[in-house]
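Observations on chain architecture
So you can see what is in the structure, the chains are spelled out below.
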Amino acid sequence: FAKEIESLEKSKNYNFNNKISIFVEKILTPIQVYIFGNQYDIYPLIELLKMLYWEIIIVSEPSKIKNSEGLTIISTTDFLPEKINENSACLLMSHSLETDKTNLRKLSNAKSKYIGMLGPKIRSERIISELKTEYKLHWKLHAKTGDTTKQVYQAIQQLEPKKYDVVVTSVGVN
């Protein structure tokens, strides 16, 4: 019974001989969002993530982060990719091509299910093409600049179902 409960993907009711009822509530590990960067555009994102009650981890030099109350801040030298779990997302937002490339390289073996990259498509393409010499990479752009949320959702629905190790996106806000 214990193994069945551990393997549950959602909550479930159990009834034993109509005498005992047990409700098991599956409480998932909170989503962790690692933000790599310290520029002005991380602050609106932080406010949105707080509203979702997601755990926010900033990877940056602590002295460069304003209003750090309630945030976990890890210096770039103390960051350990092996601390990232399967329920984590990583957002590369440094505004520096070289820094984002270095951080993406650090994340190459992390367990994160999502890696997002700030900036235009050409920026992501450049970073990926430069890393292709070090890693075996297969990537494809599935959404483009100017798409609405609905259009992005529809594009995702059209993707061939298969397992992806990492999803990298280029995200921008206008």
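The structure under discussion appears in the preceding block.
Presented here is a report on the structure given in the accompanying data block. (Residues numbered from 1 in each chain as written. Predicted model: local features only at pLDDT ≥ 70, side-chain atom pairs only at ≥ 80, totals over all residues. Heavy atoms only, no water.)

1. A look at unusual backbone geometry
- The residue asparagine 18 is not glycine, and still its phi comes out positive at about 55°.
- Phi angles above zero are rare outside glycine, and histidine 95 is one such case at about 70°.

2. Observations concerning the packing of aromatic side chains
- Per the stated rule, a full pass over the model turns up 5 aromatic pairs.
- Centroid distance phenylalanine 1 to tyrosine 14: 4.9 Å. Interplanar angle 80°. Geometry classified as edge-to-face. Note that phenylalanine 1 is positioned in the segment before helix H1 (2-6) and tyrosine 14 in strand E1 (residues 12-16), a separation of 13 residues in sequence.
- Ring centres of tyrosine 34 and phenylalanine 79 lie 6.1 Å apart, and the angle between their planes is 70°; this geometry places the pair in the edge-to-face category. Residue tyrosine 34 is located in strand E3 (residues 32-36), and its partner phenylalanine 79 is located in the loop between strand E5 (72-74) and strand E6 (88-92); the two are separated by 45 residues in the primary sequence.
- You can call tyrosine 34 buried: its relative accessible area is 4%.
- An aromatic cluster is built from Phe1, Tyr14 and Phe16, whose rings are joined through pairwise contacts. (Phe/Tyr/Trp six-rings, centres within 6.5 Å; stacked < 30°, edge-to-face > 60°. Helix = DSSP H or I, 4+ residues; strand = E, 2+ residues; numbered from the N terminus. Buried < 20%, exposed > 50% of the residue type's maximum accessible area, 1.4 Å probe, protein only.)

3. Section: a nonpolar patch on the surface
- Where nonpolar side chains cluster on the molecular surface, the patch consists of Phe1, Phe16, Ile20 and Ile22 and spans about 350 Å² of accessible area.
- Looking at where isoleucine 20 falls in the secondary structure, it is placed in strand E2 (residues 20-24). (Patch = residues over 30% accessible without salt bridge, like charges linked within 9 Å, V, L, I, M, F, W, Y side chains within 5 Å. Areas by Shrake-Rupley, 256 points an atom, 1.4 Å probe, with all protein chains shown as cover. Salt bridge = Lys/Arg side-chain N within 4 Å of Asp/Glu carboxyl O.)

4. Some remarks on the pairing of E2
- The pairing of E1 with E2 spans 5 bridges and is antiparallel. Within E2, the position partnered with lysine 12 by the bridge is valine 24.
- Linkage of E1 to E2, two consecutive antiparallel strands, is achieved through a turn of 3 residues, within which asparagine 17 is found at a positive phi near 55°. (Pairing = 2+ DSSP bridges.)

5. Some remarks on the side chain of lysine 101
- You can see lysine 101 is positioned in helix H3 (residues 97-106).
- Not counting residues up to four positions away in its chain, the partners in contact with lysine 101 are Ile127, Glu130 and Leu131. (Contact = heavy atoms within 4.5 Å.)

6. Examining H3
- Along H3, the residues classified as buried are Leu97, Asp100, Lys101, Asn103 and Leu104. Across the axial projection of H3, the buried residues extend over an arc of 165°, all falling on one side.
- In the core, the buried residues of H3 are packed alongside E3, E6, strand E7 (114-118) and helix H4 (121-131). (Arc of directions from axis to C-beta.)

7. Thoughts on the environment of asparagine 38
- Its place among the elements puts asparagine 38 in the loop between E3 and helix H2 (42-51).
- For asparagine 38 and isoleucine 58, which are 20 residues apart along the polypeptide, the C-alpha to C-alpha distance reads 8.0 Å.
- Non-local contacts of asparagine 38, meaning those with residues more than four positions away in its chain, are made with Tyr43, Ser60, Lys64 and Ile65.
- Within the structure, asparagine 38 has its side chain in polar contact with the side chain of serine 60 (distance 2.9 Å). (Polar contact = N/O pair within 3.5 Å; in protein donor to acceptor, adjacent residues only side chain to side chain.)

8. Overview of H2
- Looking only at H2, the buried set comprises Ile42, Tyr43, Ile46 and Leu49. One side of H2 carries all its buried residues, which in axial view fall inside an arc of 120°. For H2, the exposed residues lying more than 90 degrees away from the buried face are Leu48 and Met51.
- Packing partners of the buried residues in H2 comprise E3 and strand E4 (55-59).
- Of the residues one or two after H2, tyrosine 53 is the one with positive phi, at around 60°.

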